[in-house]
Amino acid sequence: MKTGLVLEGGAMRGMYTAGVLDVFMEQGITFDGIIGVSAGALFGVNFLSNQAGRVLRYNKRFNADPNYLGLRPLLRTGNIVDTDYAYRRVPRELDIFDDEAYRRSDTPFYAVVTNIKTGKPEYIKIDSVYEQMDMLRASGSMPFVSRPVKVGRKLYMDGAIADSIPFEKFREMGYERLVVVLTKPDGYIKKPVPAPLAKAFYGRMYPKFEERIGERHEMYNGTIRRLKKLEEKGEVFVLRPGTHVKISRVEKNPGRLQALYDVGVEDARDAMGRMRVFLSQA
């Protein structure tokens, strides 16, 4: 029975995931496969490069720079994150991502993206972070504040629009014993995006994508209900924030980033014994 790790997105709420994954590295926890969405993909690759602390470090260092994240790059480029800064300079020069270590890992890693022409999810195996950086960027490109990312002949955006928590896809792929890391607390219910907003941005050129945005709250809430049933049966192991930390999706305050990261560390350590038992049954 293969074990799998599923990582939800959530922009800077992914600092919770970063804390969880750093504890997994500390404790030597491994999986047969990993799948991540949006921030879950962007932060999750550091697990296979074995770079504990990197996600926390670079977000605390760069998020407060108005040229990196926020209104300035949004007005200048159409992306709320400066793509050259975040996806080239940081991982290659300023806080180097160890792509060699990542490629040496024998654990397959998949990133979820949404094809904006079809509105459907695609699950892309990431063999090299450097070579496939645009695909990871696409997975984390949030609607309304990001431009579509062209990879080959296709246009992609945030994977969470089509499949926010891809545990069902991973089960289909043969990963039967799953640990799922969520970034929203128990009881969270997603609300709909105003239909006129989605129509104004995407209705004319990308009607399937607009439709997905309109349906996303129903998809997400249904996914959570199905996941909860499997959790109650003991068929999946779920980690979710046990303490509330108020944080923006584009949080710049290093103290809040640290606080949510610390919740992830605490929750993972508290759950470690139970999770080891769960994984040993695979």
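Parameters and conventions
- Residues numbered from 1 in each chain as written.
- Predicted model: local features only at pLDDT ≥ 70, side-chain atom pairs only at ≥ 80, totals over all residues.
- Heavy atoms only, no water.
- Helix = DSSP H or I, 4+ residues; strand = E, 2+ residues; numbered from the N terminus.
- Buried < 20%, exposed > 50% of the residue type's maximum accessible area, 1.4 Å probe, protein only.
- Contact = heavy atoms within 4.5 Å.
- Lys, Arg positive; Asp, Glu negative; His and termini not counted.
- Charge placed at Lys NZ, Arg CZ, Asp CG, Glu CD.
- Polar contact = N/O pair within 3.5 Å; in protein donor to acceptor, adjacent residues only side chain to side chain.
- Phe/Tyr/Trp six-rings, centres within 6.5 Å; stacked < 30°, edge-to-face > 60°.

Visitor: Can you explain the overall build of the protein? Please cite residues and give values.
Guide: In terms of helices and strands, the protein carries 11 helices and 8 strands. Over its C-alpha atoms, taken along the principal directions, the protein stretches across nearly 50 × 40 × 35 Å. Taking all 282 residues of the protein together, 57% fall into the buried category. Of the contacts formed within the protein by residues at least 6 apart in sequence, a portion of 74% connects residues at least 24 apart. Computing the positive centroid from 45 side-chain charges and the negative centroid from 35, the protein places the two 5 Å apart.

Visitor: Hey, could you go over the side chain of Thr107 for me, with residue numbers and the actual values?
Guide: Mapped onto the fold, Thr107 is located in the loop between helix 6 (99-104) and strand 3 (109-115). At a separation of 3.5 Å, a polar atom in the side chain of Thr107 contacts the main-chain carbonyl oxygen of Phe31.

Visitor: Let's hear about the environment of Met15: which residues, and what values?
Guide: Relative to the elements of secondary structure, Met15 occurs in helix 1 (residues 15-27). A residue is classified by how much of its surface remains accessible, and Met15, at 0% relative accessible area, is buried. Between the C-alpha atom of Met15 and that of Gly203, which follows or precedes it by 188 residues, the distance is 33 Å. Aside from chain neighbours lying at most four places away, what touches Met15 is Phe43, Val55, Leu56, Asn59, Leu257, Leu260 and Tyr261.

Visitor: A description of the packing of aromatic side chains should follow, citing residues and the corresponding values.
Guide: In this structure the tally under the stated criterion is 17 aromatic pairs. When the ring of Phe24 is compared with that of Phe47, the centres are 6.5 Å apart and the planes differ by 70°; the resulting orientation is edge-to-face. A residue pair is termed long-range when its members are at least 10 positions apart, and Phe24 in helix 1 and Phe47 in helix 2 (residues 39-48) qualify at 23 residues. Among the residues examined, Phe24 registers a relative accessible area of 0% and is labelled buried.

Visitor: Tell me about the environment of Ile224, and name the residues and values.
Guide: Tracing the backbone shows Ile224 in helix 10 (residues 207-232). In this structure the C-alpha to C-alpha distance between Ile224 and Ile165, which are 59 residues apart in sequence, comes to 8.3 Å. Non-local contacts of Ile224, meaning those with residues more than four positions away in its chain, are made with Ile165 and Leu182.

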